[in-house]
Structure formats: C-alpha cells, structure tokens
Protein chains: 2
Amino acid sequence: MSTIKDVARRAGVSISTVSYALSGKRSVSEETRSRVEAAVRALRYRPNAGARILASARTQILALSAPMHDHTYPAAFMTFVRAVTQAAHDHDYDVVLLTECDDAACESISRVVSTGLVDGVVLMDVVGEDARVPLLRALGVPSAVIGLPEDREGMSCVDMDFGRAARMCVARLADAGCVQIGLVGQPQALYDRGLTFAVRFREAFQDECRERGLGAAVTTSDAPGAVARLRTSLHGLDAFVLDCGEYAVEQVLDELRETGEHRLVGAAQGLSIVVGGPSFDPGRFDPPLDAVPVDPVRSGSTAVSLLLGQVDGGTAESVELYAPSWVRHGSVRNGGGLA
Amino acid sequence: MSTIKDVARRAGVSISTVSYALSGKRSVSEETRSRVEAAVRALRYRPNAGARILASARTQILALSAPMHDHTYPAAFMTFVRAVTQAAHDHDYDVVLLTECDDAACESISRVVSTGLVDGVVLMDVVGEDARVPLLRALGVPSAVIGLPEDREGMSCVDMDFGRAARMCVARLADAGCVQIGLVGQPQALYDRGLTFAVRFREAFQDECRERGLGAAVTTSDAPGAVARLRTSLHGLDAFVLDCGEYAVEQVLDELRETGEHRLVGAAQGLSIVVGGPSFDPGRFDPPLDAVPVDPVRSGSTAVSLLLGQVDGGTAESVELYAPSWVRHGSVRNGGGLA
DNA sequence: TTGTAGGCGTTATCAA
DNA sequence: TTGATAACGCCTACAA
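Reading guide: rules and limits
Residues numbered from 1 in each chain as written. Chains lettered and ligands numbered in written order. Predicted model: local features only at pLDDT ≥ 70, side-chain atom pairs only at ≥ 80, totals over all residues. Heavy atoms only, no water. Least-squares fit on C-alpha atoms with pLDDT ≥ 70 in both. Contact = heavy atoms within 4.5 Å. Near = heavy atom within 4 Å. Polar contact = N/O pair within 3.5 Å; in protein donor to acceptor, adjacent residues only side chain to side chain. Pairing = 2+ DSSP bridges. Helix = DSSP H or I, 4+ residues; strand = E, 2+ residues; numbered from the N terminus. Axes fitted to C-alpha atoms, helices over the stretch in contact; angles between N-to-C directions. Core = buried A, V, L, I, M, F, W, Y, C linked by side-chain atoms within 4.5 Å. Buried < 20%, exposed > 50% of the residue type's maximum accessible area, 1.4 Å probe, protein only. Nonpolar A, V, L, I, M, F, W, Y, C, P; charged D, E, K, R; others polar. Disulfide = S-S within 2.5 Å. Parallel < 35°, antiparallel > 145°, perpendicular 65-115°, else oblique. Left-handed = near helix turned anticlockwise from the far one by under 90°. Phe/Tyr/Trp six-rings, centres within 6.5 Å; stacked < 30°, edge-to-face > 60°. Salt bridge = Lys/Arg side-chain N within 4 Å of Asp/Glu carboxyl O.

K.L.:
How would you summarise the relation of the copies chain A and chain B if you had to cite specific residues and measurements?
P.N.:
Note on the copies: chain A fits chain B at an RMSD of 0.1 Å, the axial shift is 0.0 Å, and the rotation between them is 180°. Both copies are brought into coincidence by an operation consistent with a two-fold rotation axis. Both copies contact each other with a shared surface, as 100% of the interface residues of chain A are interface residues in chain B too.

Below you can see the structure in the form of structure tokens.
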C-alpha cells in the first residue's frame, strides 16, 4: 500500500500539498493538482482509514442500532436497514451494524461511541421508554431516532405519523360508509415491549372511532382467528384495519376465504380492509389491499440527514412526523369515499 | 475523553505499562496491574479506535457484503446478517454492512479494504460467477464466502450441502413410497442470476430422481398455480419438494386447500411435502411441514472463524459443506420412511 | 518487571 | 501557492 508520502515524492510536492489537493481545503494550482492526481492514480493511492480517523477525529462511520429479537419483522428490518445504509453511503458514510438487544445494545453503543469509532448513532425499533435514548444524551453524541420515544428532549426523531395514519384509516372507512370497524393489531408482545408505532396507532384508532361514534373492536395477531374474535365483540363488522405483520394479514384473508367473503372485499355490500403502516407491498395480496404504508427510504434518509447535521455542528432536537399517504388497491368500498 | 497518557499519570506508571497491562502482551506485576485498572475505571478510559488501528494495523472490523436486490428474501437476509454479526461480536469484531449490488458492491469492498478499514470480508448471496470473488483474491484480503462460487481457488467457503439436501429430500420421499415428485423451485430470476444454492438444489433433485427412476417435474415460483403446472407435466403426483420462499410455500398450500388436499398432507394415501433449505420456520405452516433447513448460525460462525483464521496468519482455501439435517413435522407419509 | 522512544499515515497550523 | 512539522493516541521493539 502506498502512502501519502509516496504520492508526494512521485508528484514532486510536499505531503501537505497532496493532502490539500485531495481534500480541497486550500487552493492548489491547476498544474500541481493534476500532477498529484496522476501520482494518485499511478500508485493507486487510498488514504489510510486509521490515520485519517486519528488525525481528523472524524470516522465517516455511523452506528446503526437495529436490535433483533424474536418479534422483529424481517421485511421491515431489511427495508429500514437498507434505507439507512443507502442514505449513509450517499453521504460517504459507512455503517456499523449493531444487532444486540437491551443491555447489550447499550453496551455496544457506548463502546463504539466512546472508542471514537463512529461519528453518530441511528436508532431503529425504539420503544416508549428506551434505555438507548438517555444513553445517547449522556454520551452527547450526534444521533437520530427512527420512531418516537417518550422522552425526546434534545433528540432528533423521524417517523411516519402513525396516529394520523390510524385516523386516516378510520376516516376513509367512515366516509365509505363503514360503521363497525375491527382492528387487528400487532402481537401482544409488541405492545408489552412498548413499540411506539404500534401503541400510537392503536390509541389513535380507538380515539377516532369514539369521536366519530363508530363501533370499534380490537384484537392482537398472536393467534389465528382474529376475524372471529372481533366478530364476537362487535356485531355487524363491516371493515378491518390491519396493523400487523405480513403473515397475520394472510391469516385474516385465509379466514375470510373460508366463508367466501374475500371475494366481496371492497364491494359496495362487502367488507372493507386497509393495512396500517406496512413496510411490505400490500398490493400483492389476494385481493390486493389498500394501505397507509410507512416510507422507509424517507425515514432512513431523514434520520441520516438529521444526524449529519449535528456532526457538522448543528443542533439536535427536531421531530419530523411525516404525513401518511394512502395507497389504493380497491379493498375499501366506494374507493374509500373518494370515488 | 481521557487517553492512555492520563491513565499512566494517574497510575504512576509509564504509557507502555498501561498498554501492556491492558493487552496482556507482557507480564505486569499484580500491584501495578490493579493500579492501572483502578485508573482506567476512574477515568472511564477507552482506547481510541483510530489510534489503535493506526498503530496496530488491526481494525477489529470486518465487512459483510450482503447485496440487497429485488429478489432478496427478507427472512433469509435478516437471519444470516444476524448470525454473522453475532459471530463477529463473539470475537470482538464489529461489522460494516455493505448492501450495494453488482459493481457498486465491488467498489465498496475495494474501498473498505484498500483504505484499511476492515480486517476481512464476508460474502453473502454469492452467485456462480461472482465478481466479488476474483476481487477478493486480487486484494489478497482475508475472506470467507457463504455459498459456493464456481471459482473457489484460494477461497474459504461454507454452506449447507444443498445438493445433498435435495438428494435427501428425494430419498426420504422415495423411501416413504412416493414415485412422482414435483419440485417448486425459486423464482426464475434466481436461477438466471446464478444463485448457487438454488442451482445446486435443482440439479441434484433432478439427478437423484433420474437415478432412482422416479417421475420428476420442475417449476418455478414466479406465479401462483405451481401445483397445477406440475400436474400437467406429471400425472399421479404424490409428493412436493418446495425449494422456494415463504410466500410461495403459502401459495402452494393455498392451492391444495382449494381442493381440500391439505388435510391429507402426510397421510398414507395423501400428498407428501418437504421444504428444501428454508431459513424460516417450516413448523408454523398449516399443516406444519417437514424440512431440510439451512443453519444460518453455523454458516455465519464458520464464516467468521475461517476469516479470522486468515487474519491470524492462517491459510485460506477450505470448503466446508455441512450435512443437511431433517426436521420432521409430519408432512411426509410414513414419517419419511422411518416410522 | 518497567521505562524510553520511534513509528503508524493523516490533518492542520504556522511560516515562507 | 507551497512546505515543514507538530500533533493525533496507541503499540511495540529495545533498553534498563
């Protein structure tokens, strides 16, 4: 491996000139610059990461804390991880992936931060009272949170507005003439863990139904039979909101299939269905389903931008809850009150 | 942030003594060691990553090249990524995740290697003629491949023996008395890309059926209707081998459900089904399915071990194809010829 | 058992 | 516009 010294010698200039020619942090004559560039190419020079980090106190690396536990949805995990790494690479950053949970997650974060391995930390999969949040604050490291922890003083957060998403689902169903709405929520464990997107969605769903005087029932997607469970507590059910994983959506459709009701999804006299906040494609079900999907790319790139803003000396504390948008596939009657 | 200098001063020893006390690379008296440790705790000292990397030419970081394209299975991706990061952490290594595909994947790899950011590279999702393989060889960097590229001279590879897995599926079905076997393979795109596990499985399936004089038919899982397609080309179908994604497995079961055949899966006169090489749980289907699953933890930890062996000066070139093992859930009649 | 000191490859300050 | 040179923080021969 050739070093900056070799480049300097070959280009007939000093080391510092090479450094500046490459970083552009001070002006260099056109002629020297091209001599330096030629030498760089000839020697296939690449600045050494360790030396650069030591001298500049910038690593061009950020940590992504993406804890993986039994209830992690693979599709969501993958999509968000991809979005964050993509956004990071767009800004010439690499990503160190930390997959531990709970205490081990905190230990990993403190290790990479306090050894100076990373310039900042992105948090995925946050819960209401997330131990990583006070940790990041204590460490005083640039950071961004995908999700909405309770305690967000001084934190930068980004997420879809799941409350608004739930209200949007209810509103459209109501506009379409539905009056008895059942929610198939996440597995109970997610609420117990306090995953904020799930909690926010469910609460807003109930609030909106109450405010509109609609019948509402709620169940979780731990076991099959969600449709039957909802029907026992709410008669005349005419719409479903599915805030659950891909597989649970399939189970609901299977249940409807047994009675042939799946053929009437979206029909004037049939059931209406909408999926809340999926990170998978709601159009590939049979029948295709309307949805209010999250936007992982937006979440990821916003998180990275918020983070890098702090690295460059900016301030933190900004919460970006972006508006949900509706994706129509015809599973809500009357086109969701708009047709 | 306190440095090794602060620790040395506080402990009343020299810098090198602190270094040695912490690394254990030379003996230190019990008394000084404890004084050093006390100082480390008091100052919350953590060695600086950049400095350590620069001085030691070891980064304790490895790159995981896990290209994400449209056909990537989320569950498999997640499981393997987790396994690799877990194994790396067990060896005090961090993982830089590279998600780009094709040329961009190669560029990322050469960047992190030639800047000296990583000590080695793990490859996931390799295809037969994978451009990353010759690249790694040219770079002369420690590496390990999860999968089996054509050209593996000087490479360390690990994977389940998918050929043997396919033969095992056929053998058990044959032992159970099945004579007409249909394979639902991966989407065509995976074969076109040359993903080795898919190709190896399919070829071995066909070979084994031929050698045993069994009827065999093959289709892909691009579109629903796999069962019907197989039946048009093979009459009297009595067994299925499913080497495909989770969703495609569901579709096959749905198809059988329409005719009520799903109730006879595994029965003496019914259909037999086995899933080849899944990284998802085959027991959660209805009915639960027998399978010959991959072992992502084994693949990941073996890959990391092979890699770190090279970092410590060992040699490369070793191919570990571990034997498949059968997971029984009752979807093959006669218990797979063993009951 | 411990200390001294050179070097790792950059960046950035200070002169020129 | 350019060049010396002092950090950056740690590791590790070499000495004692």
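K.L.:
Can you explain the protein's contact with DNA strand D? Please cite residues and give values.
P.N.:
In the vicinity of DNA strand D lie 25 residues, with Thr-17, Arg-26 and Ser-27 of chain A together with Ile-4 and Tyr-45 of chain B positioned nearest. In the interface set of DNA strand D, defined as its atoms within 4 Å of the protein, sugar plus phosphate atoms amount to 56%. In the model, a base nitrogen of DNA strand D is placed 3.1 Å from a nitrogen or oxygen of the Ser-16 of chain A side chain. Take Lys-25 of chain B: an N or O atom from its side chain is 3.4 Å from a phosphate oxygen of DNA strand D.

K.L.:
So, the sheet that holds strand β7 (residues 215-219) of chain A: which residues are in play, and what are the values?
P.N.:
Residue and element names in this part refer to chain A. Taken in spatial order, the five strands make up an open sheet running β7-β6-β8-β9-β10, and their pairing is parallel. Unpaired on one side and paired on the other, β7 and β10 (290-292) mark the two borders of the sheet. Mean inter-strand twist for the sheet, computed between neighbouring axes without regard to direction, equals 20°. Strands in contact with helix α11 (residues 226-233) are β6 (180-184), β7 and β8 (239-242); relative to β7, the strand with the most contacts, it is inclined by about 140°. Seen against the sheet, helix α12 (residues 246-258) touches β6, β8 and β9 (272-276) and runs at an angle of roughly 160° to β8.

K.L.:
Outline the nonpolar core, listing residues and values.
P.N.:
Counting residues in each nonpolar core, the largest one holds 99 residues, and the members touching the most others are Leu-64 and Val-241 of chain A together with Leu-64 and Val-241 of chain B. Here Val-241 of chain B is in contact with Cys-169, Leu-173, Ile-181, Gly-182, Leu-183, Val-184, Phe-201, Phe-205 and Val-274 of chain B, once residues within four sequence places are set aside. Judged by nonpolar contacts, the second largest core, of 44 residues, contains Leu-117 and Val-118 of chain A together with Leu-98 and Val-112 of chain B.

K.L.:
I'd like a description of the sheet that holds strand β10 (residues 290-292) of chain B, backed by residues and values.
P.N.:
All names here are of chain B. Strand order across the open sheet formed by five strands is β7-β6-β8-β9-β10, with parallel pairing between neighbours. Taken across any chain shown, the strands that pair with only one partner, and hence form the sheet edges, are β7 (215-219) and β10. In this sheet, neighbouring strand axes are inclined to one another by 20° on average, regardless of whether the strands run parallel or antiparallel. Of the pairings in the sheet, the one linking strand β6 (residues 180-184) to strand β8 (residues 239-242) comprises four bridges and is parallel in character.

K.L.:
Quick rundown of the side chain of Thr-59 of chain B? Include the residues and the values.
P.N.:
All names here are of chain B. In this fold, Thr-59 is placed in the loop between α4 (49-56) and β1 (61-65). A polar contact of 3.0 Å, which involves the side chain of Thr-59, links it to the backbone nitrogen of Ile-61. Setting aside chain neighbours within four positions, we find Thr-59 in contact with Ile-53, Gly-116, Leu-117, Val-118 and Asp-119.

K.L.:
Explain the side chain of Ser-299 of chain A to me, using residue names and the numbers behind them.
P.N.:
Residues and elements named next belong to chain A. Relative to the helices and strands, Ser-299 is located in helix α13 (residues 296-311). Among the polar contacts listed, one links the side chain of Ser-299 to the side chain of Tyr-322, at a separation of 2.8 Å. Excluding residues that lie within four positions of it along the chain, Ser-299 makes contacts with Phe-80, Ile-146, Val-158 and Tyr-322.

K.L.:
Now, about the protein's contact with DNA strand C: what can you tell me, with residues and values included?
P.N.:
As a structural note, the neighbourhood of DNA strand C is formed by 27 residues, with Ile-4 and Tyr-20 of chain A together with Thr-17, Arg-26 and Ser-27 of chain B the closest of them. When the atoms of DNA strand C within 4 Å of the protein are sorted by group, sugar and phosphate make up 50%. Ser-29 of chain B has a polar backbone atom sitting 2.8 Å from a phosphate oxygen of DNA strand C. Its residues placed into classes, the surface near DNA strand C shows eleven nonpolar, eleven polar and five charged.

K.L.:
Any details on the environment of Asp-222 of chain B? Residues and values, ideally.
P.N.:
Residues and elements named next belong to chain B. With respect to the helices, strands and loops of the structure, Asp-222 is situated in the loop between β7 and α11 (226-233). Considering only alpha carbons, one finds Asp-222 and Val-184, 38 residues apart in sequence, at a separation of 9.8 Å. Beyond its immediate stretch of four places on either side in the chain, Asp-222 contacts Pro-187, Gln-188 and Ala-189. Separated by 2.8 Å, the side chain of Asp-222 and the backbone nitrogen of Gln-188 make a polar contact. A polar contact is formed between the side chain of Asp-222 and the side chain of Thr-220, at a distance of 2.7 Å.

K.L.:
So, the state of the cysteines: which residues are in play, and what are the values?
P.N.:
Applying the stated criterion across every chain yields a total of zero disulfides over all chains. In this structure Cys-169 of chain A is not part of a disulfide, and its nearest cysteine sulfur, from Cys-209 of chain A, lies 10 Å away. On the accessibility criterion, Cys-169 of chain A (0% relative accessible area) is buried. For Cys-178 of chain B, which is in no disulfide, the shortest distance to another cysteine sulfur is to Cys-209 of chain B and amounts to 11 Å.

K.L.:
Outline the packing of helix α5 (residues 74-90) of chain B against helix α13 (residues 296-311) of chain B, supporting the account with residue identities and numerical values.
P.N.:
Residue and element names in this part refer to chain B. Close contact between α5 and α13 brings their axes to 8 Å; oriented N to C, the two are set at 45°. With respect to each other, α5 and α13 are oriented oblique. Where α5 crosses over α13, the two elements pack in a sense that is right-handed. Residues Thr-79, Phe-80, Ala-83, Val-84, Ala-87 and Ala-88 of α5 form the contact with α13, whose participating residues are Pro-296, Val-297, Ser-299, Gly-300, Ser-301 and Val-304.

K.L.:
Explain the packing of aromatic side chains residue by residue, including any values.
P.N.:
Applying the stated criterion across every chain yields a total of four aromatic pairs over all chains. Ring centres 6.0 Å apart and planes at 85° place the aromatic pair Phe-280 of chain A and Phe-285 of chain A in the edge-to-face group. Phe-285 of chain A carries the same exposure label as Phe-280 of chain A, and that label is buried. On the numbers, 5.6 Å between centres and 50° between planes, the contact of Phe-162 of chain B with Phe-197 of chain B is tilted. Within this pair, whereas Phe-162 of chain B is found in helix α8 (residues 162-175), its partner Phe-197 of chain B is found in helix α10 (residues 196-211), the two being separated by 35 residues in sequence.

K.L.:
Quick rundown of the pattern of salt bridges? Include the residues and the values.
P.N.:
Per the stated rule, a full pass over the model turns up 38 salt bridges over all chains. Taking the shortest distance from any N to any O, the salt bridge between Asp-94 of chain A and Arg-111 of chain B comes out at 2.6 Å. One end of the pair, Asp-94 of chain A, is in strand β2 (residues 94-98); the other, Arg-111 of chain B, is in helix α6 (residues 102-114), on a second chain. According to the relative accessible area criterion, Asp-94 of chain A is buried, its value standing at 5%. On the accessibility criterion, Arg-111 of chain B (26% relative accessible area) is partly exposed. Of the charged contacts in the structure, one is a salt bridge between Arg-298 of chain A and Glu-320 of chain A, with a shortest N-O distance of 3.2 Å. Taken together, the positions of Arg-298 of chain A in helix α13 and Glu-320 of chain A in strand β11 (residues 318-322) put the pair 22 residues apart, joining distant regions of the chain. Sharing partners across several salt bridges, the network here consists of Arg-167, Asp-207, Glu-208, Arg-210, Glu-211 and Arg-212 of chain A.

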